[in-house]
Amino acid sequence: MVVHDPAAALLRTRARNLRRLGTALLETQAARLHRRSGPEVWSGPAAATCLDELQLLGRRLADARDDLERRAIRLDEQAARLDAIARMA
Amino acid sequence: MTAFFGADPTLLGALRAALVRSVGDLRRLHSDDPEAADAMQTVRRGIELLELRWLPKIDHALRLDTAAAVRQVEAVAAASGPLAAAPLLSSLRIDDQQLAALCVRLLLLWHAGDERGNRWPDEVEPGPNAADALFALLIDRPRAASTFLGLTAEQPGILFRSAVDETLVHRLLLVGTSPRHATTAEAGRILVPILDWLQYDERAYLHGWHGTTWPGGGRDGSTPHVGTMLGDVIAPWLLQFGNRADDWGWSREEADDSLRWIARDDVSMAALVGAIGQWQQMLAATRFTTPDGSLDFDALLDVSTTLAQLASAMREADIKAAEVRRFWLDCSLLLASAIAGLALPMVGVTGLAAAIGTAAMGAGTRAAFDHLGIVRTAEHADDAAQARFGTFTANTAVVAVVSMVGRLIDEGRLPPDCLDRLQLGKPGSATSPDDDDDDCPAGEVLADLHHFVGEVGADTDPATRSALAAVLLAFAHPTSITDAC
């Protein structure tokens, strides 16, 4: 019989939710805002700065997704350890 | 340093809206998990800073850019003339309303002359002038064209007394008042004052403008063929000259007077007769059934009244009989298709019969069209089939009723053989030539039609009976029998 620690199931649920959140972040319009701010929309130094900052926002969202993924992986690893302890016990 | 060199107000407005939506989206993304707190705080802070920093700048750019661009164009126009400024407009990123308003200002400047009141060079030299350039620009921006025509409707001289190439005036009117680009109310706000102006104020100038005629043809501000323009410009809006006059805020009498005035000009009327494509648009946009599937009597009456108005106006106009006949034939085809509920592709003058011939239709509709001679078979190969009922009023009534019967057969509401009972002006009919009042064939046809509907309707359900009665009443009202005779 496979033995699971109840706390491990909770950690895996949290990991799944973190991954969903990461995916949702990249699906927001914010992740694509820079595509709406090219030279065809406006031009000049301020417009160029705006484009840079919107691209930076896109990268931050991708970083946030990666951060959430790393945390989800850690939670999955903790869950695996708890299950292993439960099986040994 | 200028912060912004240029902006497309539409796209910049879209960026602004997307930024605001993004802030909301990220605020709505929520997690109670402490592991998510850092990441979410970072992205929320990032987007809120962007909103704080860029929304005011975008708003500023929207205001500043447009104003600066317009000032630049107006400065060029004031110094070198509206023709010199016109090319700048095409590269400007301004919306349709701003473009239309700017065109009006440039044309007013063109009419006013330079600061000393002298004419601009393009008015006193051969070739296209500022109005030609601006009209061409507006034609490519249909919504701007509608706005421009609306802005100048109370001063139609800006439209009719400016360009060298009158075809541009025609195209501008067509585009700007087309049902594809203008609402019914907008078209009315444009056309009613223009028709009023042409009819009562300025008709004489159209044939006697004092401008110089250039060797290459054309002259500034001359629109000698305005009659040709009006026919197909008003064609999609004929219902507003009849029962739907209220849509345009004028009285039935004013609307009818205008139509008759247009009809008095042979060229206008010929253009109206030739604008069958526009007619098709009008009928295609008219729904004869309400959303619950019942027949819309008002819509039927609107169309039948318009056709009767046209018949009356045409009698007063001097148009070649063959053109009138062709017009009524096309009208019959369109009306039959509309009542039978056929969806036809938009076709030109010559393709209508062919389009109907190949359209998907039920057996009842096909039998009805065959009966009318619209879809010819060996059995009914009668070249004169569409015009055999005495007058156009009678002909239209027959087309409407028979098409409706075909539709009702297809819907299973009338027996397939019921058209066999229709005997129009033939021996054995309700009013055969043996009758006393055989001196009015059209009246006999209409009376036969009433008899047929009464007979067929008696054997059917109330809804079908009322559908038939509605078509009959709209297109063959008892008074139309009197009129026909």
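Quick caveat, the model's predicted, so the values are computed rather than measured.

Definitions and limits used
- Residues numbered from 1 in each chain as written.
- Chains lettered and ligands numbered in written order.
- Predicted model: local features only at pLDDT ≥ 70, side-chain atom pairs only at ≥ 80, totals over all residues.
- Helix = DSSP H or I, 4+ residues; strand = E, 2+ residues; numbered from the N terminus.
- Buried ≥ 20, exposed ≤ 12 C-beta atoms within 10 Å, placed from the backbone.
- Contact = placed C-beta atoms within 7 Å.
- Nonpolar A, V, L, I, M, F, W, Y, C, P; charged D, E, K, R; others polar.
- Axes fitted to C-alpha atoms, helices over the stretch in contact; angles between N-to-C directions.
- Parallel < 35°, antiparallel > 145°, perpendicular 65-115°, else oblique.
- Left-handed = near helix turned anticlockwise from the far one by under 90°.
- pLDDT = per-residue confidence, 0-100.
- Expected span 1.5 Å × (residues − 1).
- Arc of directions from axis to C-beta.
- Core = buried A, V, L, I, M, F, W, Y, C linked by C-beta atoms within 7 Å.

## Structural notes on the overall build of chain B
1) Next: Counting secondary structure elements, chain B contains 23 helices and 1 strand.
2) Next: Looking at the 485 residues of chain B, the share that counts as buried comes to 44%.
3) Next: Of the contacts formed within chain B by residues at least 6 apart in sequence, a portion of 72% connects residues at least 24 apart.

## Let's talk about the overall build of chain A
1) Next: Of the regular secondary structure elements, chain A holds 2 helices and 1 strand.
2) Next: Across chain A, helices and strands are ordered from the amino to the carboxyl terminus as α-β-α.
3) Next: Looking at chain A residue by residue over its 89 residues, the buried ones come to 31%.
4) Next: For chain A, long-range pairs separated by at least 24 residues make up 84% of all intrachain contacts whose partners lie at least 6 apart in sequence.

## Observations concerning the interface of chain B and chain A
1) Next: Across the boundary between the two partners, chain B contributes 33 residues, which contact 29 residues of chain A.
2) Next: Of all the elements, helix 2 (residues 34-80) of chain B adds the most residues to the side of chain B that touches chain A, at 12 residues.
3) Next: A class-by-class count of the residues in the side of chain B that touches chain A yields 20 nonpolar, 6 polar and 7 charged.

## Digging into the environment of Leu11(A)
1) Next: In this fold, Leu11(A) is placed in helix 1 (residues 6-27).
2) Next: If we ignore the near neighbours within four places in the chain, the residues touching Leu11(A) are Leu75(A), Gln78(A) and Ala79(A).

## Describing the packing of helix 4 (residues 96-112) of chain B against helix 6 (residues 130-139) of chain B
Residue and element names in this part refer to chain B.
1) Next: Remark: helix 4 packs on helix 6, axes separated minimally by 10 Å, with the N-to-C direction vectors making an angle of 170°. In terms of orientation, helix 4 lies roughly antiparallel with respect to helix 6. Crossing angle aside, the handedness with which helix 4 passes helix 6 is left-handed. Only Ala130, Ala131, Leu134 and Leu138 of helix 6 make contact with helix 4, whose side of the interface consists of Cys103, Leu106, Leu107 and Trp110.
2) Next: Counted by class, the contact of helix 4 with helix 6 contains 8 nonpolar, no polar and no charged residues.

## Things to note about the environment of Leu50(B)
1) Next: Turning to its location among the elements, Leu50(B) is positioned in helix 2.
2) Next: According to the C-beta neighbour criterion, Leu50(B) is buried, with 20 such atoms within 10 Å.

## Side note on the confidence of the model for chain B
Residue and element names in this part refer to chain B.
1) Next: Across chain B, the average pLDDT comes to 77, with 74% of residues at 70 or higher.
2) Next: Segment residues 376-387 is flagged for pLDDT under 50; beyond a separation of four residues in sequence, or across chains, it makes 17 contacts in the model.
3) Next: Here residues 430-437 is a poorly scored stretch, pLDDT under 50, and it has 13 contacts once near neighbours within four places are set aside; other chains count.
4) Next: As a predicted assembly, this complex carries a pTM of 0.62 together with an ipTM value of 0.89.

## Considerations on helix 13 (residues 252-264) of chain B
All names here are of chain B.
1) Next: Its 13 residues give helix 13 an end-to-end C-alpha distance of 18 Å, which sits within 8% of 18 Å, the value for a rise of 1.5 Å per residue.
2) Next: Restricting attention to buried positions, one finds in helix 13 the residues Ala255, Ser258, Leu259, Ile262 and Ala263. Relative to the axis of helix 13, the buried residues are bounded by an arc of 140° and lie together on one face.

## As for the confidence of the model for chain A
1) Next: Residue-level pLDDT values for chain A average 91, and 97% of them are 70 or greater.
2) Next: By mean pLDDT, the top-scoring element of chain A is helix 1 of chain A (94), and the lowest-scoring one is strand 1 (residues 42-43) of chain A (81).

## Here we look at the nonpolar core
The tendency in soluble globular proteins is for nonpolar side chains to be buried as a group.
1) Next: Membership of the largest hydrophobic core comes to 118 residues, with the highest contact counts inside it found for Leu134(B), Val401(B), Leu449(B) and Val471(B).
2) Next: If you tally residues by element for this core, the top one is helix 20 (residues 392-410) of chain B, at 11 residues.
3) Next: Not counting residues up to four positions away in its chain, the partners in contact with Val471(B) are Leu300(B), Ala400(B), Val401(B) and Met404(B).
4) Next: Core analysis: the next-biggest nonpolar cluster, separate from the first, contains 35 residues, Leu18(A), Leu21(A), Ala64(A) and Ala72(A) among them.

## Considering the packing of helix 21 (residues 441-458) of chain B against helix 22 (residues 462-475) of chain B
Residues and elements named next belong to chain B.
1) Next: Look at helix 21 against helix 22: their axes get within 9 Å of each other, and the N-to-C directions meet at 170°. Relative to helix 22, helix 21 is oriented roughly antiparallel. Contact residues: helix 21 offers Leu449, His450, Val453, Val456 and Gly457, while helix 22 offers Arg465, Leu468, Ala469 and Leu472.

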